[in-house]
Amino acid sequence: MSISIAFVICTEPGRLEKQSLLLAESIRKFGGSLKDTPIYSFHPRKGEPISRDTRNAFESLGVFHEQIILNTDFHEYYLANKIVTCAYAEQNIDADILVWLDSDKCFFAEPKEFFLPSNYNIGLRPETGRGIGSKGKGDIQDSYWKKLYEICEVKSEIFVNTLIGNTRVRAYWNSGMVATRRDAGIFTAWKNNFEKAMKLKISPPQGIYFLEQSLLSATVCSMEENIFTFSPSYSYPLPLHNRLSKPAKLKNFDEIVSIHYFNMFFYNDWEKSLNSLRNLDKTSDKFQWLRESIDRHHMPFASPSHKYILKIRKIEQKLRVFRLKINLSGLIERLLGS
């Protein structure tokens, strides 16, 4: 019996439109036997619809797009879009396996591992760096994870190694690429746990940003699922290539199944960033296609100041561990009108 798969993404006006188009194009061009897999795009908040140009491009790519208001209670927390969309897809899309994809992804080979082995209900990649992760008992961030474990009723501890530094932390997976068997109910459980955490006003010491991702990790642990770890070639964190530990680092662009490019292509110096990737052979036709596609979509989107605001925000998040709440980045944004 054949296994059906569906891709699920979110697309809202602005930068996500460019990202989602690049993602869909890459799947249709390089996806192999999965190149014609249904792609469902959701716009889950109130507001202006995506542009007509994007809608037309989606139609030509066979992407099903719908603006349906799913994120009503957490409108200001845009990462809640992912959680409510995944739960909705789990309850309404007829496919054996659902693959959630953040839009800042791009594929270059058939993602065969999305056909999960029969004894696995979920496939994930470990988080790139430690971030809000906890090494366990005695870690300054462990009290947060203990709260998550209590909410999610986690009974057994699982640890993973990060891709930068190879640091052993409590199970902490990246939520940007998640494959699940629909009948396992993992996405719905994630949504339920998220609503509990928001009601109790629980968030990481650095701020709410990574609440959704850490809650996915705690939810999976609570369900005591076997975790299929995708190969390093999946969701390869391209901007962090130079910092990856040796087991996670690839040497040839043709080895990559998909990349996670974060903000890399939204600044005018994106070519400089690509050229700075050390010991990565970039001579393949796929790499050239990526460069041409960035140009074609006019990907540089953010103002130059945005990059520095993000750097300041990272410092602010670190200071929150010591209960120092500084919002210099917000002040700069208001002054610049960005």
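Refer to the structure presented above.
Just so you know, the residues in each chain are numbered from 1, in the order the chain's sequence is written. Two thresholds apply to this predicted model, a pLDDT of at least 70 for residue-level local features and 80 or more for giving and counting side-chain atom pairs, whereas whole-chain, interface and lining totals are computed over all residues. Derived side-chain values reflect all non-hydrogen atoms in the structure, with water molecules and hydrogen atoms excluded from consideration.

With respect to unusual backbone geometry
Phase 1 of the analysis: Residue Glu224 is not a glycine yet carries a positive backbone phi of 50 degrees.
Phase 2 of the analysis: Relative to the helices and strands, Glu224 resides in the loop between α6 (211-222) and β10 (227-229).
Phase 3 of the analysis: Phi is positive for Phe262, close to 50 degrees, though the residue is something other than glycine.
Phase 4 of the analysis: Working definition: helices are DSSP H or I runs of at least four residues, strands are E runs of at least two. Numbering for both runs from the N terminus. Structurally, the position occupied by Phe262 is in the loop between β12 (258-260) and α7 (270-275).

What to know about the state of the cysteines
Phase 1 of the analysis: Pairs of cysteine sulfur atoms within 2.5 Å are identified as disulfides in what follows. For the structure shown, the criterion picks out zero disulfides.
Phase 2 of the analysis: Cysteine Cys152 shares no disulfide, and the gap to the nearest cysteine sulfur, in Cys221, comes to 8.8 Å.
Phase 3 of the analysis: Buried residues are those whose accessible area, probed at 1.4 Å on protein chains only, stays under 20% of the maximum for their type, while exposed residues exceed 50% and partly exposed ones sit between those limits. On the basis of relative accessible area, Cys221 is assigned to the buried category, the value being 1%.

Overview of α6
Phase 1 of the analysis: A helix is expected to reach a length of 1.5 Å times the quantity of its residues less one. A rise of 1.5 Å per residue sets the reference length of α6, with its twelve residues, at 16 Å; its end C-alpha atoms lie 16 Å apart and thus fit the reference within 8%.
Phase 2 of the analysis: Taken across its twelve residues, α6 has eleven buried, putting it largely inside the fold.
Phase 3 of the analysis: What α6 keeps buried is the set Leu211, Glu212, Gln213, Ser214, Leu215, Leu216, Ser217, Ala218, Thr219, Val220 and Cys221.
Phase 4 of the analysis: In this structure, the buried side of α6 is in contact with α3 (80-92), β6 (122-126), α4 (142-152), β9 (173-181), α5 (186-199) and β10.
Phase 5 of the analysis: Following α6 by one or two positions, Glu224 has its phi on the positive side, about 50 degrees. Every residue pair with non-hydrogen atoms within 4.5 Å of one another is taken to be in contact.

Regarding the packing of aromatic side chains
Phase 1 of the analysis: When two rings of Phe, Tyr or Trp (its six-membered ring) have centres within 6.5 Å they constitute a pair, described as stacked for plane angles under 30 degrees, edge-to-face for angles over 60, and tilted for the intermediate range. Counted according to the given criterion, the structure contains 24 aromatic pairs.
Phase 2 of the analysis: Geometrically, the ring pair formed by Phe108 and Phe253 is edge-to-face, given 5.0 Å between the ring centres and 70 degrees between the ring planes. Pair noted here: Phe108 is in the loop between β5 (105-107) and β6 and Phe253 is in the loop between β11 (236-237) and β12, with a separation of 145 residues, a long-range link. Here the two residues Phe108 and Phe253 agree in accessibility, since each one is buried.
Phase 3 of the analysis: Here Trp145 and Tyr149 contribute two aromatic rings whose centre-to-centre distance is 6.4 Å and whose plane-to-plane angle is 80 degrees, an arrangement assigned as edge-to-face. Of this pair, Trp145 and Tyr149 both sit in helix α4, separated by four residues, roughly a single helical turn. In this pair, the class of Trp145 matches that of Tyr149, namely buried.
Phase 4 of the analysis: Linked through ring pairs, Phe7, Phe107, Phe114, Tyr120, Phe228, Phe230 and Tyr234 together constitute an aromatic cluster.

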